[in-house]
Amino acid sequence: MNWFDYNTQVVAAATALLGAAAGLAGCLLLLRRRALMGDALGHATLPGIAAAYLVSVAVGGTGKEPWVLLAGAAAGAIAGVLGVVLVRRGARVSDETAMAIVLGAFFGLGTALLTVIQASPGGHQAGLSSFILGHAASMVASDLRAASIVALVCVALVVLLTKELRLLCFDESFARVIGRPVRWLDATVLIIVTAVVIAGLQAVGLILILSLLILPATAARLCTDRFTVMLPLAAAFGAISGVGGTLVSSFAPRLPTGPCIVLVAATLFVLALLFAPKRGLFAQAAMGRAGGYRP
Amino acid sequence: MNAWTLAVDGWIIAIGALGALACAVPGAFLVVRRTSMLADAVSHAVLPGIAVAFLLSGTRDPLWMFLGAAAAGLFVTLGSSALARIARIDSGAALGIVFTTMFALGLILIVQVADRVDLDPSCVLYGAIELAPLDSILLLGVEVPRAVLVLGGVTLLNAFVAVIFWKELTVMAFDPALARTLGCRPKLMESIILGMAAATCVAAFESVGSILIVAMMIIPAASARLWSDRLAGVIVGAMLIGILGALVGHWIATAVAPAIIPGGRDASSAGSIAATLGALLVASIVVAPRRGIVVRLVHRWLLTLRIAREDAIGLLWRLDEDQRTVAPAQLRDLLVRGAEIPNWLARMAIAHLVRDGRLECVENVARLTTQGRADGASLVRSHRLWEIYLMQRLAIAKDHVHPTAMVLEHITDAVMREQLAREGGIAADDHGTRADPHGRAVPEVPRTNGAN
């Protein structure tokens with residue numbers, strides 16, 4: 001495979017759009033201090049996918065229609081979000097504990113269903129387990145279309161709601177006091193994240209989607225203190241990771257695309273950590289001599 | 001599905017149960033310390049650890065794999081807290097960055113070595129609890145699975161550490177600031193907790209899989225937290241819940257799943273155990289004593305009924321004060337309109353009062369009994385003392401004190417009532433001569449057994 005190849009171009013375009021959308025969604029998660037929500041959501045899609053396959057086969061379908069599986073993934077992710085909220089309230093545990101609980105229980109259920117499916121006739125060819133680690137190389141034009149629609153919707157939502165989301169991220173109680181619909185905004189953030197997770201299942205899989213959500217956003221956070229700069233910066237980092245990872249994996253025959261995208265994103269993060277103005281390690285060391293940086 | 005055989009299913013359940021025992025101690029501390037996602041991070045990060053160990057050693061020897069996994073676990077624990085500190089980012093975000101990057105690296109490394117050795121990433125994720133009994137060691141003439149020995153050793157080690165540092169760990173878990181002032185070395189204790197968690201994850205991932213580790217470490221501890229307020233209780237409860245989960249989960253995987261899902265094959269035991277633990281948590285949320293939903297609903301309902309009964313008694317006592325009488329049906333109407341109580345609840349409250357001998361209905365007139373009058377007097381006394389207090393001490397306007405007193409009268413006991421009387425400057429032998437802000441006398445409570 002080389003990068004002039006039509007297939008590589010399709011994959012690069014799809015992962016770039018996905019990376020941009022994930023960068024935007026990640027900023028919201030990061031600033032809401034819920035970075036690991038992406039992990040709980042990602043793992044929670046698995047039982048949804050498996051259940052959608054079982055239902056589709058039961059009603060006479062093939063179980064391979066992509067939209068059926070993605071609808072199942074969405075249902076699983078939404079159930080996961082509700083699970084986090086209900087467990088946090090019902091068991092009175094911290095956000096993080098509720099996420100770990102949902103992640104463990106949902107993924108366990110998913111693997112149990114998956115083993116049953118893979119033992120059933122035709123189940124092994126359904127390729128459900130490819131959602132776990134992703135299979136970007138086999139993305140086709142229709143996947144590109146789906147990814148770009150999701151990415152555009154996410155971008156549009158974030159741009160339209162920038163002011164409200166900024167208020168939500170930085171001063172939730174003030175937003176509530178001046179009458180902003182905080183609950184709905186919170187739900188919107190989670191819907192955007194869910195959409196990105198589902199769009200990213202095929203490219204990077206449900207485990208690595210977490211890194212696509214938080215690496216570009218954290219890198220952007222290191223580079224700037226302004227929300228309106230952080231958003232486009234994170235989107236750009238995400239897009240660069242998508243294209244870069246796809247190209248890197250297309251040069252060598254045995255580099256899986258998803259992990260390559262993550263490693264490019266991680267490289268960008270390390271560069272930001274070292275060289276960012278003000279918050280970067282070099283800048284901090286320089287300012288340390290001049291009296292120190294107080295964030 | 002065949003009948004269970006002790007040699008296979010017995011060992012699988014034993015491994016699951018031992019995993020639960022090993023996870024209970026670090027799990028309880030992680031839940032109390034609110035750092036639960038560490039279990040997830042460590043269990044994903046072992047993948048590059050074992051891949052690097054294979055590249056370095058060229059063997060799949062368990063010792064090398066364990067060393068690689070342990071190094072990776074240590075790296076993710078220390079690395080993420082160092083990253084959070086130097087980059088000044090949220091600890092959750094730092095954890096996510098370190099472990100997903102390591103996982104991606106691990107996937108790439110494993111693909112590179114894939115044709116030389118069968119290292120399966122999905123084995124790390126789901127574990128191979130079904131195959132664990134096959135890998136056994138002869139011990140005292142009995143074939144014992146290696147996983148049983150490893151998990152048993154980790155359980156003993158965790159129990160040993162917990163017993164030695166019990167006081168320090170407890171103080172650290174609940175109040176790090178106090179721990180520092182008492183000289184309990186909170187930093188060291190924190191490292192011990194994280195080290196225990198990481199070591200348990202590393203030791204257990206091979207047999208039970210990384211996802212089940214997360215479930216086994218966090219879910220039983222969070223469930224047990226609903227049943228007990230004591231750390232030791234949480235740990236023991238987590239052990240029991242974990243063992244129950246292993247038993248029921250394996251039964252569902254091998255007996256229930258094949259029966260209900262077409263295809264008739266066993267489901268993954270690790271996955272089923274994790275899902276069962278989730279179901280046990282939901283059950284705990286519903287039925288746990290004191291914190292459970294059922295108990296909370298019952299408490300709320302009993303409170304609602306008590307307030308309705310007290311409103312009925314107070315209403316009748318005030319009517320009696322004005323020498324008015326009402327029929328039971330009228331009393332109900334007054335409650336529905338005046339105290340905004342639903343009709344069925346008013347009916348029920350009146351029936352309860354009649355049954356308890358507080359209220360009698362003679363010739364279609366509702367009348368308080370002696371006991372009922374005593375209850376009414378103490379309630380109205382509380383109400384009027386509160387009105388005096390609110391006006392005198394909090395300078396609330398005369399026409400605003402009634403609604404607040406309506407609420408406070410229900411939560412005032414005899415001791416608080418007499419304190420209110422003292423604060424309001426009313427002597428104990430006042431005999432009902434003082435008036436409330438609306439000119440009504442503050443009644444005495446007649447001497448009977450048992451008041452409000």
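Here the residue numbers are simple positions, counted from 1 along each chain's written sequence. Chain letters start at A and ligand numbers start at 1, both assigned in the order the entries are written. Given that this is a predicted model, residues contribute local features only at a pLDDT of at least 70 and side-chain atom pairs are listed and counted only at 80 or more, while totals for whole chains, interfaces and linings are drawn from all residues. Remark: hydrogens and water are excluded; side-chain values derive from all non-hydrogen atoms of the structure.

Colleague: Explain the packing of helix H13 (residues 293-321) of chain B against helix H16 (residues 370-394) of chain B here, please?
Modeller: Between two packed helices, the angle of one axis relative to the other and the distance separating the axes together describe the packing. Residues and elements named next belong to chain B. Between N-to-C directions, angles cover 0 to 180 degrees, with each direction set by a line fitted to C-alpha atoms, over the stretch in contact for helices. Strands are runs of DSSP state E lasting at least 2 residues, helices are runs of H or I lasting at least 4, and numbering of each runs from the N terminus. Two elements in contact, H13 and H16, have axes whose closest approach is 8 Å; the angle formed by their N-to-C orientations is 90 degrees. Classified by the interaxial angle, the pair formed by H13 and H16 is roughly perpendicular. For the pair H13 and H16, contact is made by Glu-310, Ile-313, Gly-314, Trp-317, Arg-318, Asp-320 and Glu-321 and by Gly-372, Arg-373, Asp-375, Gly-376, Ala-377, Leu-379, Val-380, His-383 and Arg-384, respectively. The nonpolar class holds Ala, Val, Leu, Ile, Met, Phe, Trp, Tyr, Cys and Pro. Asp, Glu, Lys and Arg form the charged class, and all remaining residues, Gly among them, are polar. When its residues are assigned to classes, the contact of H13 with H16 shows five nonpolar, four polar and seven charged. In these notes the angle categories are as follows: under 35 degrees is roughly parallel, over 145 is roughly antiparallel, 65 to 115 is roughly perpendicular, and the rest is oblique. Residues are treated as being in contact if the distance between any of their heavy atoms lies within 4.5 Å.

Colleague: Help me out: how do you make sense of the interface of chain A and chain B in this one?
Modeller: Accessible area lost upon the coming together of the parts is a frequently used measure of interface size. Taken together, the contact between chain A and chain B spans 57 residues of the former and 56 residues of the latter. In this assembly, chain A packs against chain B so that about 4,700 Å² is buried in total across both faces, 74% of it on carbon and sulfur atoms. The term buried area denotes the loss of accessible surface (1.4 Å probe radius) that occurs when two parts are joined, taken as the sum for both partners. Taken as a group, Glu-96, Val-116 and Arg-254 of chain A account for 12% of the area that chain A buries against chain B, more than any other trio of residues on that side. One side-chain nitrogen of Lys or Arg within 4 Å of one carboxyl oxygen of Asp or Glu is enough to make a salt bridge. Counting across the interface, chain A meets chain B through one salt bridge. Across the pair Asp-90 of chain B and Arg-33 of chain A runs a salt bridge whose closest N-O atoms are separated by 2.9 Å. Two N or O atoms count as a polar contact when they lie within 3.5 Å, although within protein this holds only if one can serve as hydrogen donor and the other as acceptor, and sequence-adjacent residues are included solely when both atoms are side-chain atoms. Summed over the shared surface of chain A and chain B, the number is four residue pairs in polar contact (both at pLDDT 80 or more). Elements with a minimum of two residues in the side of chain A that touches chain B: helix H2 (37-58), helix H3 (66-91), helix H4 (95-119), helix H5 (130-133), helix H9 (182-223), helix H11 (257-275) and helix H12 (281-289) of chain A. In terms of residue count, H4 of chain A provides more of the side of chain A that touches chain B than any other element does, 18 residues in total. Residues of the side of chain A that touches chain B, tallied by class, amount to 39 nonpolar, 12 polar and six charged.

Colleague: What is the right way to look at the side chain of Ser-223 of chain B in this model?
Modeller: All names here are of chain B. Positionally, Ser-223 belongs in helix H10 (residues 210-227). For Ser-223, a relative accessible area of 0% translates into the label buried. If sequence neighbours within four positions are ignored, Ser-223 has contacts with Ile-241, Leu-281 and Ser-284. To sort residues, take the accessible area from a 1.4 Å probe on protein chains only and compare it with the maximum for the residue type: under 20% means buried, over 50% means exposed, and anything in between is partly exposed.

Colleague: Explanation requested: the pairing of strand E4 (residues 365-368) of chain B in the structure shown.
Modeller: Side chains on a regular strand alternate between the two faces of the sheet. All names here are of chain B. Pairing analysis gives four bridges linking strand E3 (residues 359-362) to E4, with the strands arranged antiparallel. If you follow Cys-361 over to E4, its bridge partner there is Ala-366. A pair of strands is treated as paired once DSSP finds two or more bridges between them. A loop of two residues connects E3 with E4, the two strands running antiparallel in sequence, and Glu-363 in this loop sits at a positive phi of about 50 degrees.

Colleague: What exactly am I supposed to notice about the pattern of salt bridges here?
Modeller: Any two side chains of opposite charge can pair, so long as their charged atoms come close to each other. This structure, assessed with the given rule, holds 24 salt bridges over all chains. For Asp-225 of chain A, the salt bridge is made with Lys-278 of chain A, and the minimal N-O distance between the two is 3.6 Å. Taken together, the residues Asp-225 of chain A in the loop between H9 and helix H10 (227-251) and Lys-278 of chain A in the loop between H11 and H12 connect sequence positions 53 residues apart. A relative accessible area of 43% places Lys-278 of chain A in the partly exposed class. Here Arg-381 of chain B ties to Glu-418 of chain B by a salt bridge, and the two come within 3.3 Å at their closest N and O atoms. Placement of the pair is Arg-381 of chain B in helix H16 and Glu-418 of chain B in helix H18 (residues 414-423), with a sequence separation of 37 residues.

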